[in-house]
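Topology and contacts: notes
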Amino acid sequence: MGPLSARLLMQRGRPKSDRLGKIRSLDLSGLKLLSEHLDPKLLCRLKQLQELDLSNNQLETLPANLGLSHLRILRCANNQLGDVTALCQFPQLEELSLEGNPFLTVSDNLKVSFLLPNLRKVNGKDASSTSSQVENLNRELTSRVRMISEELVASGGTQVLDADIQERSSKTIAAQESMARPVALKRPDDVPLNLSSNKRVCTSTLARVEGSPVGADGSQPALKLEPLHFLQCHSKNNSPEDLETQLWACAFEPACEEGHTGATSQTVATCGGEAVCVIDCQTGIVLHKYKAPGEEFFSVAWTALTVVTQAGHKKRWSVLAAAGLRGHVRLLHVRAGFCCGVIRAHKRAIATLCFSPTHETHLFTASYDKRIILWDIGAPNHDYEFQASQLLTLDTTSTPLRLCPVASCPDTYLLAGCEGGCCCWDVRLDQPQKRRVCEVEFVFSEGSEASGRRVDGLAFVNKDVVASKGNGLGTICLWSWSQTWVGRGSQSTVAVVVLAWLQWSPTKLAYFSLSTCPADEGTVLCGDEEGNVWIYDVRHVLTQQPPLPAAPQAPTQILKWPQPRALSQTVTKTMVNMVVANPTFTYLAALTDSNIVAIWKRH
């Protein structure tokens with residue numbers, strides 16, 4: 001379909017007329033229209049138009065100045081719209097249809113209510129309840145701002161936070177979110193997203209930390225971290241009494257735009273029980289919640305895909321992979337709000353998964369069947385479906401727990417922390433053999449790890465330095481990949497070249513996952529059995545000259561779990577299973593064994 005013409009408008013308009021200014025209803029559905037086909041100079045001649053149907057086209061945006069000031073009914077279902085801001089040019093709009101636009105988010109429904117005060121129906125449903133919630137939220141936030149301002153004035157400019165004000169505001173936002181429903185397509189075999197209210201345990205004052213402001217060895221000052229939210233969004237039947245659901249993994253959404261590798265995100269995905277939640281760290285709102293009855297999710301991983309729309313334009317999708325007990329990988333299109341693919345990857349549970357940092361469609365899955373499989377999930381077709389293919393199978397001698405592509409050569413080697421130790425595989429796709437065994441096993445000659453001992457924490461601090469953790473005597477090992485690999489020769493078992501040992505909890509409990517922060521290539525994070533978060537700034541450690549210090553390096557600081565008065569009295573002691581920071585270390589998310597997601601913000 002080319003640009004619109006006056007003749008076409010008169011043919012499809014009602015009542016029939018030879019003058020565009022007489023047309024009151026216009027049907028332009030199913031014409032494969034692109035955004036550039038909507039000529040404002042032509043459409044603004046429709047002075048009396050009240051009803052316009054643009055459904056089933058390929059529109060990605062609406063031009064800003066169509067001049068249809070009398071429009072009351074607009075149908076834009078089944079297009080490629082990614083934003084609703086342009087609808088503000090239709091102040092008299094009463095009915096709106098936006099179903100089947102996969103790039104619109106749940107919050108766009110709320111934005112529409114702000115933009116269009118006369119709106120009565122959205123997607124065939126009464127819009128008054130959503131409008132009422134928006135008005136209530138406006139009043140609540142206005143009241144909160146006024147009260148905080150008064151307190152600031154009274155305190156001479158010192159910030160005073162009223163926990164009750166924060167709690168009521170968060171409940172209002174949560175109630176508002178629970179009214180919204182996804183407008184995009186849903187697959188019949190999947191459970192739809194439930195936008196249930198997030199249950200906030202508390203919002204607290206600045207965290208209590210241990211650690212000197214500046215170490216004598218030149219280490220960095222302790223970070224100022226404020227706990228923003230403590231959420232119970234994985235509870236069974238949304239019960240606030242559920243403190244038993246195990247939370248296993250979390251990951252921050254990557255930057256969606258190409259070429260913005262340093263960009264950050266405040267959206268984190270968490271998994272535990274039968275649910276995957278996507279949380280806005282700043283507001284504490286659960287943006288999306290995906291449930292799979294009978295599943296227990298153990299791992300989540302993000303990727304950003306380049307997708308070509310029906311109109312031939314490129315868009316970036318954030319896709320979340322989630323896997324667990326059933327051995328299936330679910331590919332979730334988070335922005336649109338539905339599951340667009342299921343990979344039946346393993347016959348036993350999947351312990352962990354990760355995407356390749358260089359190939360956005362390459363996904364590693366690691367299972368209790370003692371296999372790691374590399375998949376190409378491909379790009380979704382026009383029906384938003386994936387067709388995954390298997391590229392490699394890597395055999396292990398014990399259960400793989402953590403996966404880590406080698407930072408300096410991610411297309412060549414893959415590291416895995418396993419129940420039996422740390423192993424490495426050649427993952428080059430130009431090699432003929434598609435099923436491979438472990439090429440090298442790394443052993444730790446001192447400290448907490450030794451040959452054959454579990455490695456349950458594994459991450460690259462920078463392009464060369466690896467942080468790994470076992471279940472031994474309370475240390476984390478920093479070792480050099482390049483120096484270790486150079487000294488390998490033809491050996492199948494190689495002792496790592498240790499750069500430093502970090503002091504950690506002396507617990508004998510296992511499966512506390514460590515993580516690193518990509519922002520400064522020098523931060524290591526790990527939780528423990530007491531609910532603490534151990535934070536290490538290791539830049540000064542990595543630059544020191546041999547010999548190594550005899551004693552393990554102390555953490556920069558230890559972030560303490562809030563006191564019982566700040567939380568429910570039943571949550572007096574908890575374990576932090578996993579802690580991750582977003583790329584610029586603006587936000588930190590921690591998961592506990594008592595079904596609480598903790599969000600902290602760095603100041």
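First things first, this report covers the structure right here in the doc. Bear in mind that the values here come from a model prediction, so they are computed numbers and not experimental data.

**Notes on the overall build of the protein chain**
A tally of regular secondary structure across the protein chain gives 7 helices and 39 strands. Counting over 603 residues, the protein chain shows a buried share of 56%. Looking at the protein chain alone, contacts between residues at least 24 apart form 55% of all its contacts between residues at least 6 apart. If you sum the accessible surface of the protein chain, you get close to 25700 Å²; carbon and sulfur atoms cover 50% of it.

**With respect to the nonpolar core**
In summary, soluble globular proteins display a tendency toward joint burial of nonpolar side chains. Ranked by size, the top nonpolar core spans 37 residues in total, and within it Leu54, Leu62 and Leu74 carry the most contacts. Broken down by secondary-structure element, the contributors of at least two residues to this core are helix 1 (6-12) and helix 2 (40-43). Excluding residues within four positions of it along the chain, leucine 74 makes contact with Leu52, Leu54, Leu62, Leu87, Phe90, Leu93, Glu95, Leu96 and Ser97. Core analysis: the next-biggest nonpolar cluster, separate from the first, contains 34 residues, Cys233, Cys271, Cys281 and Phe297 among them.

**Let's talk about the sheet that holds strand 28 (residues 455-460)**
If you trace the 4 strands from one edge of the open sheet to the other, you get 28-29-30-32, paired in antiparallel fashion. Single-partner strands in this sheet number two, and they are strand 28 and strand 32 (497-503). Adjacent strand axes in the sheet meet at a mean angle of 25°, parallel and antiparallel pairs treated alike. As judged from the 6 bridges shared by strand 30 (residues 475-480) and strand 32, these two strands associate in the antiparallel manner. Across the sheet, tryptophan 479 pairs through a bridge with valine 498, a residue of strand 32.

**Observations regarding the sheet that holds strand 27 (residues 440-443)**
The sheet built from 5 strands is open, its strands ordered 23-24-25-27-31 with mixed pairing. Where the open sheet ends on each side, the last strands, each with one partner, are strand 23 (400-405) and strand 31 (493-495). Strand after strand, the sheet turns through a mean of 25° between neighbouring axes, direction not considered. As judged from the 3 bridges shared by strand 27 and strand 31, these two strands associate in the parallel manner.

The rules behind each value
Residues numbered from 1 in each chain as written. Predicted model: local features only at pLDDT ≥ 70, side-chain atom pairs only at ≥ 80, totals over all residues. Heavy atoms only, no water. Helix = DSSP H or I, 4+ residues; strand = E, 2+ residues; numbered from the N terminus. Buried < 20%, exposed > 50% of the residue type's maximum accessible area, 1.4 Å probe, protein only. Contact = heavy atoms within 4.5 Å. Areas by Shrake-Rupley, 256 points an atom, 1.4 Å probe, with all protein chains shown as cover. Core = buried A, V, L, I, M, F, W, Y, C linked by side-chain atoms within 4.5 Å. Pairing = 2+ DSSP bridges. Axes fitted to C-alpha atoms, helices over the stretch in contact; angles between N-to-C directions.

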